[in-house]
Amino acid sequence: SAASDVYKRQNIYTDMADELFRPGRGTVPSGVQVRTASSGPIRLTRVQITRQGLARPAGRYSTLETPSLAALDRRDERLISAAAAELRAMLPAVGLVLVVGVGNRRVTVDALGPRTAAGVLVTRGLAADARADGLGLREVVCVSPGASGATGIPLAQLLAGLVLTLNPAAIVCVD
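Here's what I pulled together on the structure shown here. (Residues numbered from 1 in each chain as written. Predicted model: local features only at pLDDT ≥ 70, side-chain atom pairs only at ≥ 80, totals over all residues. Heavy atoms only, no water.)

## Focus on the sheet that holds strand β3 (residues 59–65)
Backbone hydrogen bonds are what pair the strands of a sheet, in a parallel or an antiparallel way. Reading across the sheet, the 3 strands line up as β1-β2-β3 and stay open at both edges, with antiparallel pairing between neighbours. Both edges of this open sheet fall to β1 (32–39) and β3, since each of them pairs with a single strand only. Strand-to-strand twist across the sheet, computed as the mean angle between neighbouring axes with direction ignored, equals 15°. Judged from the 8 bridges that link them, β1 and strand β2 (residues 42–49) form a sheet pairing that is antiparallel. Following the sheet pairing, Thr36 is matched in β2 by Thr45. (Pairing = 2+ DSSP bridges. Helix = DSSP H or I, 4+ residues; strand = E, 2+ residues; numbered from the N terminus. Axes fitted to C-alpha atoms, helices over the stretch in contact; angles between N-to-C directions.)

## As for a nonpolar patch on the surface
On the surface, a cluster of nonpolar side chains totalling about 290 Å² of accessible area is made up of Leu121, Leu135 and Leu137. Along the chain, Leu135 falls in the loop between α4 (112–118) and β5 (140–143). (Patch = residues over 30% accessible without salt bridge, like charges linked within 9 Å, V, L, I, M, F, W, Y side chains within 5 Å. Areas by Shrake-Rupley, 256 points an atom, 1.4 Å probe, with all protein chains shown as cover. Salt bridge = Lys/Arg side-chain N within 4 Å of Asp/Glu carboxyl O.)

## Quick look at unusual backbone geometry
With a phi close to 50°, Asn167 is a non-glycine residue in the positive phi region. You can see Asn167 is positioned in the loop between α6 (155–166) and β6 (170–174). Taking the relative accessible area as the measure of exposure, Asn167 reaches 63% and is therefore exposed. (Buried < 20%, exposed > 50% of the residue type's maximum accessible area, 1.4 Å probe, protein only.)

## Side note on the environment of Gly113
Of note, Gly113 is situated in helix α4. As for Gly113 and Ser144, which are separated by 31 residues in sequence, their C-alpha atoms are 7.4 Å apart. Not counting chain neighbours up to four residues away, the residues in contact with Gly113 comprise Gly101, Val102 and Val174. (Contact = heavy atoms within 4.5 Å.)

## Quick word on the nonpolar core
By size, the foremost hydrophobic cluster in this structure holds 7 residues: Leu96, Leu98, Val100, Val102, Val141, Leu159 and Leu166. Counting residues per element, the ones that place at least two in this core are β4 (97–101) and α6. Membership of the second largest hydrophobic core comes to 5 residues, among which are Val97, Val99, Val140 and Val174. (Core = buried A, V, L, I, M, F, W, Y, C linked by side-chain atoms within 4.5 Å.)

As structure tokens, this is what we get:
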């Protein structure tokens, strides 16, 4: 369609689906639904792409926008609830979850992935333990490989090996 051709021709360098398909950028192509909701200072944008051939693969894309995190209490219930609800909706009901904290922990603007990974409750080994019965825990593993310049291993190669070895039901990547 003409609308999808406009999106393909635009030289937009972003990996954010909501930046590609936001209503102010022209006609949203067929097969794309964009919904935005706000709760206080937090804005959630969901983009659902239901057909192939667009600037992003078919799937569900969620973007949570907040003011500077320094301005929020790190226990801000609205942010925690919104992020948890989005993740819960995307994860399969059962199976191992691989969490990957991407970034360079020594560079503040690139440290979100590693800092998030440091707070993940890793349950592999614990979830099968009798002490975890009734807690509703699932198996979670977590890695924070650092920047490929420091490890010498491209992230895609590292993750391919982990996926082949672990066979996770889902991967949560924080970058």
